[in-house]
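Remarks on the overall topology
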2 protein chains.
Amino acid sequence: MFSKSCKYGLRSVIFIAGQAGENKKVSLTAVASGIDSPQAFTAKILQQLTKSSIVNSTKGPYGGFFIRKEDLETILLSDVVSVFDGDSVYTGCGLGLSKCDAKSPCPLHDKFITIRANIKVMLNSSLAAILNSEAEENLMFLKR
Amino acid sequence: MFSKSCKYGLRSVIFIAGQAGENKKVSLTAVASGIDSPQAFTAKILQQLTKSSIVNSTKGPYGGFFIRKEDLETILLSDVVSVFDGDSVYTGCGLGLSKCDAKSPCPLHDKFITIRANIKVMLNSSLAAILNSEAEENLMFLKR
DNA sequence: GACATAAAAGACATATTTATCCTTTTTAAA
DNA sequence: TTTAAAAAGGATAAATATGTCTTTTATGTC
Ligand code: SF4
Ligand code: SF4
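**Observations concerning the protein's contact with DNA strand D**
Near DNA strand D there are 25 residues, and of these Leu28(A), Lys44(A), Gln47(A), Ser57(A) and Pro61(B) occur at the shortest range. Sugar and phosphate atoms represent 61% of those atoms of DNA strand D found within 4 Å of the protein. Contact between DNA strand D and Gly60(A): a sugar or linking oxygen at 3.3 Å from a main-chain N or O atom of the residue. Ser5(B) is positioned with one of its side-chain polar atoms (N or O) 3.4 Å from a phosphate oxygen of DNA strand D. Listed by contribution, the elements that provide at least two residues to the surface near DNA strand D are α3 (39-51), β1 (56-58) and β2 (64-66) of chain A together with α1 (4-18) and α3 (39-51) of chain B. Taken together, the residues of the surface near DNA strand D sort by class into 9 nonpolar, 11 polar and 5 charged.

Right, dumping it as structure tokens:
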């Protein structure tokens, strides 16, 4: 469904967002251990996320990665996915065909449309929505 | 969604099934050009499909790949997918987590369940169903 | 049996994704 | 100003996916 990078990215963002309460910053080490991912690779993931300004960062002591509280509402999961996997989720064809032509659709057309619509709905969740759906600070699921 | 191998596999099977009317056999060349895929790689794909006895084959002159008419009803798209991508479609986790625990689900749990259910429905289509849904021999969509 | 044809099998090649390591730059605190 | 913490960047390595090529094996025709 999503690339591994994308999954780490989603988990990273959710983890960092979980700390956004007091504008707290988290270090690379904290993120990697918080989502149980390889640290060096996670560094690259976080770089991409900061370059696309989904997360912010400051260098030096007491620095780290963070997301501002007021941004939780506006950042959508789809924003994160598009950084890593582009729009393949929406345009990708179930049979690997290059064109999806609604006029002469393949036999799976309708079913694929449904699936894509579901995915779209899911990715339209804001970070705030994700966090609210869980009991306070219970982000343990990220480390499974 | 599916690996490239899997997509070639699906298209190959649908193409071969389309010829199953008269128990006709099709050569590798015919398949590759019929679904517009790299020939040498398609050979590998077809090997895997015969090894898992989804398609049959005979060597030598007048040989080729074929699917028996009576098997069109029983072969499901899910059979093909599982050859190439295993059960990752069903078990794979949207966040790349190793366990999906329904007791302490992640925030995306419900939405993912829905998506997976849709995929399951789609893959439950038999080859016969796929072929019937199209006007006779109009399998041009395979070459897009 | 000799020959031609077509798939099977395995060795080889390339591309992409995933992951690690090491150095440089920035920054805050002492 | 020195020092240490932390991200940024570049180079590289390992793993996987994708793709090609050559040889072997089976089978129908003559
Ligand atoms: S409907 Fe058919 S042609 Fe369109 S994207 Fe899906 S598989 Fe491809
Ligand atoms: S519901 Fe959550 S834990 Fe379960 S598979 Fe989906 S993302 Fe993973």
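**Some details on the protein's contact with DNA strand C**
Taken together, 25 residues lie around DNA strand C, and Pro38(A), Pro61(A), Lys44(B), Gln47(B) and Ser57(B) are the ones closest in. Backbone sugar and phosphate groups make up 61% of those atoms of DNA strand C lying within 4 Å of the protein. One of the side-chain nitrogen or oxygen atoms of Lys44(B) is found 2.5 Å away from a base nitrogen of DNA strand C. Side-chain polar atom of Lys59(B) to a sugar or linking oxygen of DNA strand C: 3.4 Å apart, as the coordinates give it. Contributing elements (two or more residues each) for the surface near DNA strand C: α1 (4-18) and α3 of chain A together with α3, β1 (56-58) and β2 (64-66) of chain B. Of the residues that constitute the surface near DNA strand C, the class distribution is 10 nonpolar, 10 polar and 5 charged.

**Overview of the side chain of Ser78(A)**
Here Ser78(A) is to be found in helix α4 (residues 77-85). Those residues in contact with Ser78(A) that lie beyond four places of it in its chain are Tyr90(A) and Leu123(A).

**Observations concerning the side chain of Ser37(B)**
All names here are of chain B. Looking at the secondary structure, you find Ser 37 in the loop between α2 (28-35) and α3. At 2.6 Å, the side chain of Ser 37 forms a polar contact with the side chain of Thr 42. If we ignore the near neighbours within four places in the chain, the residues touching Ser 37 are Tyr 8, Ala 32 and Thr 42.

**A word on the confidence of the model for chain A**
Detailed reading of the predicted coordinates is not advisable wherever pLDDT falls low. Mean pLDDT over chain A works out to 87, with 85% of the residues at or above the 70 mark. When mean pLDDT is taken per element in chain A, α3(A) scores highest with 97 and helix α5 (residues 88-91) of chain A scores lowest with 86.

**Digging into the packing of α1(A) against α4(A)**
All names here are of chain A. At a closest axis distance of 9 Å, the pairing of α1 and α4 adopts a crossing angle of 145°. Crossing geometry of α1 relative to α4 is assigned as right-handed. Side by side, α1 and α4 meet where Ser 5, Cys 6, Gly 9, Leu 10 and Val 13 of the first sit next to Leu 77, Val 80, Val 81, Phe 84 and Asp 85 of the second. Taken together, the residues of the contact of α1 with α4 break down into 7 nonpolar, 2 polar and 1 charged.

Reading guide: rules and limits
Residues numbered from 1 in each chain as written. Chains lettered and ligands numbered in written order. Predicted model: local features only at pLDDT ≥ 70, side-chain atom pairs only at ≥ 80, totals over all residues. Heavy atoms only, no water. Near = heavy atom within 4 Å. Polar contact = N/O pair within 3.5 Å; in protein donor to acceptor, adjacent residues only side chain to side chain. Helix = DSSP H or I, 4+ residues; strand = E, 2+ residues; numbered from the N terminus. Nonpolar A, V, L, I, M, F, W, Y, C, P; charged D, E, K, R; others polar. Contact = heavy atoms within 4.5 Å. pLDDT = per-residue confidence, 0-100. Axes fitted to C-alpha atoms, helices over the stretch in contact; angles between N-to-C directions. Left-handed = near helix turned anticlockwise from the far one by under 90°.

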